[in-house]
Amino acid sequence: MSRLVLTPLLLAGLFRVQRLPREDDRGAFTRLFCAQELASAGWTAPVAQINHSRNAQRGCLRGMHYQRPPHAEMKLVSCLRGAVWDVALDLRHGSSSFLQWHAEFLSADNGRALLIPPGFAHGFQALTDDAELLYCHTCAHAPAAQAGVHPLDPRLAIVWPLPTGQMSEHDAGQAALPADFEGLRL
Ligand SMILES: Cc1cn([C@H]2C[C@H](O)[C@@H](COP(=O)(O)OP(=O)(O)O[C@H]3O[C@H](C)C(=O)[C@H](O)[C@H]3O)O2)c(=O)[nH]c1=O
């Protein structure tokens, strides 16, 4: 039976999720989400929203986005086409890894996904043209609770593999993290 293999990462609560397809001469059947298997990684809420991101050009940079409490959410980010450099940034108040980030190479070929707990900002850079992501969220989109951090903020020193390509005006115009930012109280 197709299943998901979870690997805890250095930033507490962050997991790599490895999809194990079941292949045969017709093709493959792959599990993308399983509440029972993901419960051990803290996914205990129903899926509130599933989103699809299509990125036409290699180098496109989206993020770093999060929803403020009480709309802070868990996300499962899966790459279904092409490849992306996927980054999760710890913004949790009091976290031993506060302002640290983790990057994961997600691709349709490697079948990896990133499970991101509440209190993290998320962003990615497309490493191929036509890179597509599927997002599962535990909270619905709450525009009034949307917040972000500039993906090129020197204080965060996030490493992006490619020169910066397309960015939304919103993302490009995001302010640097305030010096007195104490983190998200969840
Ligand atoms: C997130 C979201 C957006 N929208 C609307 C709002 C805009 O009119 C349009 C594009 O939104 P945005 O430019 O915020 O899309 P991205 O830049 O891809 O943002 C996403 O990518 C980053 C990396 C993430 O981690 C978030 O899941 C999400 O913020 O879709 C919706 O209707 N529902 C939604 O859930």
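Here, every reference points to the structure presented above.
What counts, and at which threshold
- Residues numbered from 1 in each chain as written.
- Predicted model: local features only at pLDDT ≥ 70, side-chain atom pairs only at ≥ 80, totals over all residues.
- Heavy atoms only, no water.
- Helix = DSSP H or I, 4+ residues; strand = E, 2+ residues; numbered from the N terminus.
- Rg over C-alpha atoms; globule rule 2.2 N^0.38 Å.
- Contact = heavy atoms within 4.5 Å.
- Pairing = 2+ DSSP bridges.
- Axes fitted to C-alpha atoms, helices over the stretch in contact; angles between N-to-C directions.
- Near = heavy atom within 4 Å.
- Polar contact = N/O pair within 3.5 Å; in protein donor to acceptor, adjacent residues only side chain to side chain.
- Areas by Shrake-Rupley, 256 points an atom, 1.4 Å probe, with all protein chains shown as cover.
- Nonpolar A, V, L, I, M, F, W, Y, C, P; charged D, E, K, R; others polar.
- Buried < 20%, exposed > 50% of the residue type's maximum accessible area, 1.4 Å probe, protein only.
- Phe/Tyr/Trp six-rings, centres within 6.5 Å; stacked < 30°, edge-to-face > 60°.
- Salt bridge = Lys/Arg side-chain N within 4 Å of Asp/Glu carboxyl O.

A. Layout of the overall build of the chain. Counting secondary structure elements, the chain contains two helices and 13 strands. Taking 2.2 N^0.38 as the reference for a compact globule, 186 residues should give roughly 16 Å; the C-alpha atoms of the chain span a radius of gyration of 16 Å, in line with that estimate. Seen through its principal axes, the chain has C-alpha atoms that stretch 55 × 35 × 30 Å. Within the chain, counting contacts between residues at least 6 apart in sequence, those at least 24 apart form 78% of the total.

B. Expanded view of the sheet that holds strand β11 (residues 120–126). Taking strand neighbours across the sheet as the criterion, the five strands line up as β9-β8-β11-β6-β13 in an open arrangement whose pairing is antiparallel. Each end of this open sheet is capped by a strand with a single partner; those strands are β9 (101–107) and β13 (146–148). Each neighbouring strand pair of the sheet contributes to a mean axis angle of 30 degrees, computed without reference to strand direction. As defined by bridge partners, strand β6 (residues 61–67) adjoins β11 across three bridges and the pair is classed as antiparallel. The residue bridging Arg 62 from the neighbouring strand is Phe 124, located in β11.

C. Molecular detail of the sheet that holds strand β7 (residues 75–81). One open sheet holds the six strands; their spatial order is β1-β2-β10-β7-β12-β5, and the pairing between them is antiparallel. Of all strands in the sheet, those with a lone pairing partner are β1 (3–8) and β5 (49–55), marking the two edges. Within this sheet the neighbouring strands show an average axis-to-axis angle of 25 degrees, counted without direction. Both β5 and strand β12 (residues 131–137) contribute to a ladder of seven bridges, which runs antiparallel. Each residue of the ladder has a partner; that of Gln 49, found in β12, is His 137.

D. Up close: the environment of Asn 55. Following the sequence through the fold, Asn 55 ends up in strand β5. Apart from the residues within four sequence positions on either side, Asn 55 is in contact with Cys 60, Arg 62, Phe 124, Ala 126, Thr 128, Asp 129, Asp 130 and Ala 131.

E. Region of interest: the site of the ligand. Around the ligand, the structure places Gln 49, Asn 51, Arg 62, His 65, Lys 75, His 122, Gly 123, Tyr 135, His 137 and His 141. At 2.9 Å from an oxygen atom of the ligand is found a side-chain nitrogen or oxygen belonging to Lys 75. Relative to its unbound accessible surface of 640 Å², the ligand loses 59% to contact with the protein. Residue classes in the shell around the ligand are distributed as one nonpolar, seven polar and two charged.

F. Quick look at the pairing of β12. Of all the seven residues making up β12, seven are buried; the element is thus mostly covered by neighbouring parts of the structure. Residues Ala 131, Leu 133, Tyr 135 and His 137 line one face of β12 and the alternating positions Glu 132, Leu 134 and Cys 136 line the opposite face, and both faces are buried. Where β7 lies against β12, six bridges are found, and the strand directions are antiparallel. Bridge pairing in β12 places Arg 81 opposite Glu 132.

G. Structural context of the packing of aromatic side chains. Throughout the structure, instances matching the rule amount to two aromatic pairs. Residues Phe 33 and Trp 43 carry aromatic rings whose centres are separated by 5.2 Å and whose planes lie at 75 degrees to one another, so their mutual orientation is edge-to-face. Of this pair, Phe 33 sits in the loop between β4 (27–29) and α1 (35–38) while Trp 43 sits in the loop between α1 and β5, placing them 10 residues apart in sequence. Classification of Phe 33 as partly exposed rests on a relative accessible area of 26%.

H. Local environment of the pattern of salt bridges. All chains considered together, the criterion is met by seven salt bridges. The salt bridge partner of Arg 16 is Glu 104, with a shortest N-O separation of 2.5 Å. Of this pair, Arg 16 sits in strand β2 (residues 15–20) while Glu 104 sits in strand β9, placing them 88 residues apart in sequence. Look at Glu 104 and you get buried, because its relative accessible area is 3%. A salt bridge links Arg 185 to Glu 182, with the nearest nitrogen and oxygen atoms 3.1 Å apart. Residues participating in the shared-partner salt-bridge network are Arg 16, Glu 104 and Arg 112.

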